[in-house]
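Reading the structure
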Amino acid sequence: MLDAVFYVTDNGIKWRSVPADFPAWDRVYAFFRRWRDNGLVRELHDRLRGKVRTAEGRQVEPTAAIIDSQSVKGAASVPADSRGYDGGKKTSTAGADTSSRTASACC
């Protein structure tokens, strides 16, 4: 089952496209859904991340995160009051969120 889940995530295929070498797609998905709902997927991810970081000589938990964004030029039809301004790029952006938000580190 785990190999089938890895196959789906690694190849980016739909659940229904699981090859015949694996159990039926609905059974594989049922196991994945149960593992996800019980927190096993997050636990597996966190443990593997910790092992990789330890092997690289880093702390198990990350101490910083990088947040990136993309600016999109606003069309003339977009009202000025709904635009933001990207000072670094000197671009007026359509539908930009100008409020400050705190992002949580995920990796």
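Residues numbered from 1 in each chain as written. Predicted model: local features only at pLDDT ≥ 70, side-chain atom pairs only at ≥ 80, totals over all residues. Heavy atoms only, no water.

1. Brief notes about the overall build of the protein chain
The line we're drawing: In this text, helices come from DSSP runs of H or I with a minimum length of four residues, and strands from runs of E with a minimum of two, each type numbered from the N-terminal end. The buried label goes to any residue with under 20% of its type's maximum accessible area, the exposed label to any with over 50%, and the partly exposed label to all in between, with areas taken from a 1.4 Å probe on protein chains only. Contacts were defined at the residue level, with two residues in contact if any of their heavy atoms lie within 4.5 Å. The Shrake-Rupley method, run with a 1.4 Å probe sphere, supplies the accessible areas, and residue values consider only the shown protein chains as cover.
A count of helices and strands for the protein chain gives 3 helices and 2 strands. Tracing the protein chain from N to C terminus, the helices and strands come up as α-α-α-β-β. For the protein chain, the proportion of its 107 residues judged to be buried stands at 12%. Expressed as a percentage of contacts within the protein chain between residues at least 6 apart in sequence, the contacts between residues at least 24 apart total 17%. Summed over its atoms, the accessible surface of the protein chain is roughly 8,800 Å², and 52% of this surface lies on carbon and sulfur atoms.

2. Side note on helix α2 (residues 25-37)
Formally: Helix span, expected: 1.5 Å multiplied by one less than the number of residues in the helix.
Helix length check: α2 (13 residues) gives 18 Å between terminal C-alpha atoms against 18 Å at 1.5 Å per residue, within 8%. Among all positions of α2, only V28, A30 and F32 are buried. On its buried face, α2 is in contact with α1 (2-11) and α3 (40-55). Looking one or two residues past α2, G39 carries a phi angle of roughly 85 degrees, positive in sign.

3. Description of the environment of R27
Turning to its location among the elements, R27 is positioned in helix α2. Take R27: its relative accessible area is 41%, and that puts it in the partly exposed class. Here the alpha-carbon distance between R27 and M1, two residues 26 residues apart in the chain, equals 8.5 Å. Once you skip the residues sitting within four places of it in the chain, R27 turns out to touch M1 and R34.

4. Section: the environment of R58
Condition: Whenever two N or O atoms come within 3.5 Å, that pair is a polar contact, provided that in protein one can donate a hydrogen and the other can accept it, and provided that, for residues adjacent in sequence, both atoms are side-chain atoms.
Among the structural elements, R58 can be located in the loop between α3 and β1 (83-86). At a separation of 3.4 Å, a polar atom in the side chain of R58 contacts the side chain of E56.

5. So, the environment of R49
Summarising the element assignment, R49 is placed in helix α3. Judged by its relative accessible area of 16%, R49 is buried. Spatially, the C-alpha atoms of R49 and P62 are 9.8 Å apart, while their sequence positions differ by 13 residues.

6. Here's the deal with the side chain of R53
Structurally, R53 is set in helix α3. Among the polar contacts listed, one links the side chain of R53 to the backbone oxygen of Q59, at a separation of 2.7 Å.

7. Re a nonpolar patch on the surface
Worth spelling out the cut-off: Here the term patch refers to residues with relative accessible area over 30% and no salt bridge, with like charges joined within 9 Å and nonpolar side chains (Val, Leu, Ile, Met, Phe, Trp, Tyr) within 5 Å. Salt bridges, as used here, are contacts in which a Lys or Arg side-chain nitrogen is within 4 Å of a carboxyl oxygen on Asp or Glu.
Together, L2, F6, L44 and L48 make up an exposed nonpolar region whose accessible area comes to about 340 Å². Among the secondary structure elements, those contributing two or more residues to the nonpolar patch are α1 and α3. Within the secondary structure layout, L48 lies in helix α3. Residue L48 is classed as partly exposed on the basis of its relative accessible area of 45%.

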